[in-house]
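Architecture and fold: a report
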Amino acid sequence: MVKDNNCGYCVGGEPLAKFGIKICDLEVSQLILFKEQSHPGRCIVAYKDHVSEIVDISDEERNAFFADVNRAAKAIHKAFNPDKVNYGAYGDTGCHLHMHLVPKYKDEFEWGGVFEMNPQKKFLTDEEYSEMIDKIKACL
Ligand SMILES: [Zn+2]
């Protein structure tokens, strides 16, 4: 397994805690709750290894990764009933394959537009994060 000691997805702990909370492991990835919750239910699915590009993994691994993304999206739909889930894969500086799953709600924040990477507007209490994580887990 390829790991990078400076990468939050690889090492967890403080580097991850800056932006996310691990919910659980999926088949070839981990599901992470994004702390900035302007879009209720926003999550990240991060691939298990520190690889930059979708073209750097095998067909089988890529299919398994997208199955994980699909599983997470289904849980988000079920738990939060968004009008649309937006998907974003960037990582210009992080270089660890991951996808943002951003639930969008009609007539609410950024509906009809591109989601901001980290608007830094809405953070929850630890208890609210726990409730949200339990809700997602119950729908996986
Ligand atoms: Zn990494």
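Structural data are supplied above this passage.
A brief look at the structure comes next. (Residues numbered from 1 in each chain as written. Predicted model: local features only at pLDDT ≥ 70, side-chain atom pairs only at ≥ 80, totals over all residues. Heavy atoms only, no water.)

Considering unusual backbone geometry
Basically, it comes down to this: Counting from the N terminus, the helices are DSSP H or I runs at least four residues long and the strands are E runs at least two residues long. Categorising residues by exposure relies on relative accessible area from a 1.4 Å probe, with only protein chains included: less than 20% of the type maximum marks a residue as buried, more than 50% marks it as exposed, and the intermediate range marks it as partly exposed.
Positive phi is not limited to glycine here, since N81 has a value of about 50°. Within the secondary structure, N81 sits in the loop between α3 (59-80) and β4 (84-88). Given a relative accessible area of 62%, N81 falls into the exposed group. Non-glycine residue D107 carries a positive phi angle of around 65°. Turning to its location among the elements, D107 is positioned in the loop between β5 (98-104) and α4 (126-139).

Here we look at the sheet that holds strand β1 (residues 20-25)
Defined as follows: Between any two strands, at least two bridges found by DSSP are needed for them to pair. In this analysis, axes come from line fits to C-alpha atoms, helices being fitted only over the stretch in contact, and the angle between any two N-to-C directions falls in the range 0 to 180 degrees. We call two residues in contact when some of their heavy atoms are within 4.5 Å.
Overall, antiparallel pairing links the five strands, which are arranged β1-β2-β3-β5-β4 in an open sheet. At either end of the open sheet lies a strand with only one pairing partner, and these are β1 and β4. Averaged over all pairs of adjacent strands, the angle between strand axes in this sheet comes to 25°, irrespective of strand direction. Relative to β5, strand β3 (residues 43-47) runs antiparallel, the two being bridged by four bridges. Across the sheet, V45 pairs through a bridge with M99, a residue of β5. On the sheet, α3 packs against β2 (29-34), β3, β4 and β5 and is oriented at approximately 20° with respect to β5.

Everything listed is a geometric property; what it means functionally is a separate question.
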